[in-house]
Amino acid sequence: MTIMTICFNKILFARKKAQCLVFAFLYLSIASLTHADLYITDDYLKGLDAELKNAEKEQATSNTTENQKTTAADINKAVQSRFNFENLLRTKHQTSFVLYTKLSTSDRILIYEQFKSSKNIAQAKQTIIKKFESR
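Let me sum up the structure you'll find in this document.

Criteria and cut-off values
Residues numbered from 1 in each chain as written. Predicted model: local features only at pLDDT ≥ 70, side-chain atom pairs only at ≥ 80, totals over all residues. Heavy atoms only, no water. Salt bridge = Lys/Arg side-chain N within 4 Å of Asp/Glu carboxyl O. Helix = DSSP H or I, 4+ residues; strand = E, 2+ residues; numbered from the N terminus. Buried < 20%, exposed > 50% of the residue type's maximum accessible area, 1.4 Å probe, protein only. Axes fitted to C-alpha atoms, helices over the stretch in contact; angles between N-to-C directions. Parallel < 35°, antiparallel > 145°, perpendicular 65-115°, else oblique. Left-handed = near helix turned anticlockwise from the far one by under 90°. Contact = heavy atoms within 4.5 Å. Nonpolar A, V, L, I, M, F, W, Y, C, P; charged D, E, K, R; others polar. Core = buried A, V, L, I, M, F, W, Y, C linked by side-chain atoms within 4.5 Å.

1. A word on the pattern of salt bridges
Part 1: Summed over the entire model, instances satisfying the criterion amount to three salt bridges.
Part 2: Across the salt bridge formed by Lys92 and Asp74, the nearest N and O atoms sit 2.5 Å from each other. Of the two residues, Lys92 is situated in helix 4 (residues 82-92) and Asp74 in helix 3 (residues 72-80); the sequence distance between them amounts to 18 residues.
Part 3: Look at Lys92 and you get partly exposed, because its relative accessible area is 23%.
Part 4: Residue class for Asp74 comes out partly exposed when judged on its relative accessible area of 21%.
Part 5: As a salt-bridge pair, Glu86 and Arg82 come within 3.1 Å of each other at their nearest N and O atoms. One end of the pair is Glu86 and the other is Arg82, both in helix 4 and four residues apart, which spans about a single turn.
Part 6: Glu86 sits in the buried class, given a relative accessible area of 13%.

Right under this line is the structure:
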């Protein structure tokens, strides 16, 4: 009878240990998900606001004017391929590029096609922001 009690106690101990491990894993998984908000800093949000205001200002003044940092040569090169368009965003419009990378591939293609026909970087940036907000 004592051998059976010892075996039963070992089984209970192993079961409790497994439950503790499962609960610890679940806690750590949930805790890591809640820390995602920490990556969105005030500076990041201010950068988004500033870029949105610039895009709105550019759109209001003229549909054909380009960002001061973006030259006509940059636009012509960006129209040639989606890679070049993404490179333009990465180098001269970093905040928009961060949002752009979070969009689906189909949204990225749609934004590039719209940019390709309009050649308006301000409009493309506004579209990126709208697509990001609506996802």
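2. Description of the packing of helix 4 against helix 5 (residues 94-101)
Part 1: Helix 5 packs onto helix 4 with a crossing angle of 130 degrees between their chain directions and a minimal axis gap of 5 Å. Overall, the two elements helix 4 and helix 5 adopt an arrangement that is oblique. The crossing of helix 4 and helix 5 is left-handed. For the pair helix 4 and helix 5, contact is made by Arg82, Phe85, Glu86, Leu89, Arg90, Thr91 and Lys92 and by Gln94, Ser96, Phe97 and Tyr100, respectively.
Part 2: Residues of the contact of helix 4 with helix 5, tallied by class, amount to four nonpolar, three polar and four charged.

3. Section: the nonpolar core
Part 1: By size, the foremost hydrophobic cluster in this structure holds 18 residues, and its most contacted members are Phe85, Leu89, Tyr100, Ile111, Phe115, Ile121 and Ile128.
Part 2: Looking at this core, the elements that each hand over two or more residues are helix 3, helix 4, helix 5, helix 6 (105-118) and helix 7 (121-134).
Part 3: It is helix 7 that provides the largest number of residues to this core, a total of four residues.
Part 4: Phe115 has contacts with Ile75, Ala78, Val79, Phe85, Asn120, Ile121 and Ala124, leaving out every residue within four places of it along the chain.

Worth remembering: the numbers are spatial, not functional.
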